[in-house]
Amino acid sequence: MTYLLLFIGQFLNVFLLGLNSQFVRDRKIALCFMVSWGISTSQFTYIYIIANTENPVIAFFVSGFGGAFGICSSIYFYSWFKKTNLGKRIWKT
């Protein structure tokens, strides 16, 4: 269970960092503000779990895969989000 939470924490951390990077580029300040809270939460979770891990080698690989899937997912999510009605309404403002 700990490694699953570690994977999710790292996935969300990198996913949100990648997503926020794209929002910063597009100057979507309100979105950046909201996503930053998610980044803080996921980083806190990640650090808490990694500090209490029993096997740092497994934790390293779980984190690596979580981050790799997270950044790829953020790229696909951002492309999808901009095409949706919600994304189109946000980009008009």
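Now for a look at the structure at hand. What you see is a predicted model; the values in this text were computed from it and never measured. (Residues numbered from 1 in each chain as written. Predicted model: local features only at pLDDT ≥ 70, side-chain atom pairs only at ≥ 80, totals over all residues. Heavy atoms only, no water.)

1. Here's the deal with the overall build of the chain
At step 1: For the chain, the helix and strand inventory stands at four helices and zero strands.
At step 2: Ordered by position from the N terminus, the helices and strands of the chain form the series α-α-α-α.
At step 3: In terms of overall dimensions, the chain has C-alpha extents of about 50 × 20 × 20 Å along its principal axes.
At step 4: Within the chain, the fraction of its 93 residues that count as buried is 33%.
At step 5: Put simply, of all contacts in the chain between residues at least 6 apart along the chain, 72% involve residues at least 24 apart.
At step 6: For the chain, the accessible area works out to roughly 6400 Å², and carbon and sulfur atoms hold 72% of it. (Helix = DSSP H or I, 4+ residues; strand = E, 2+ residues; numbered from the N terminus. Buried < 20%, exposed > 50% of the residue type's maximum accessible area, 1.4 Å probe, protein only. Contact = heavy atoms within 4.5 Å. Areas by Shrake-Rupley, 256 points an atom, 1.4 Å probe, with all protein chains shown as cover.)

2. Section: the pattern of salt bridges
Oppositely charged side chains can pair when the atoms bearing their charge come close.
At step 1: The tally for this structure, following the rule as stated, stands at one salt bridge.
At step 2: A salt bridge links Arg 25 to Asp 26; its shortest N-O distance comes to 3.3 Å. (Salt bridge = Lys/Arg side-chain N within 4 Å of Asp/Glu carboxyl O.)

3. Brief notes about the packing of aromatic side chains
At step 1: Counted under the stated rule, the structure contains nine aromatic pairs.
At step 2: Ring centres of Phe 7 and Phe 11 lie 6.4 Å apart, and the angle between their planes is 20 degrees; this geometry places the pair in the stacked category. Of this pair, Phe 7 and Phe 11 are both found in helix H1 (residues 2-25), four residues apart, which corresponds to roughly one turn of the helix.
At step 3: Among the aromatic residues, those joined into a ring-pair cluster are Phe 7, Phe 11, Phe 15, Phe 23, Phe 69, Phe 77, Tyr 78, Trp 80 and Phe 81. (Phe/Tyr/Trp six-rings, centres within 6.5 Å; stacked < 30°, edge-to-face > 60°.)

4. Thoughts on the nonpolar core
At step 1: Core analysis: the largest hydrophobic core is formed by ten residues, namely Phe 15, Leu 16, Leu 19, Phe 23, Leu 31, Cys 32, Val 35, Ile 39, Tyr 78 and Phe 81.
At step 2: Listing elements by their share of this core, those giving two or more residues are H1, helix H2 (29-51) and helix H3 (56-83).
At step 3: Contact partners of Phe 15, with chain neighbours within four places excluded, come to Gly 70, Ser 73, Ser 74 and Phe 77.
At step 4: Counting five residues, the second-largest nonpolar core is a separate cluster that includes Tyr 46, Ile 49, Ala 59 and Val 62. (Core = buried A, V, L, I, M, F, W, Y, C linked by side-chain atoms within 4.5 Å.)

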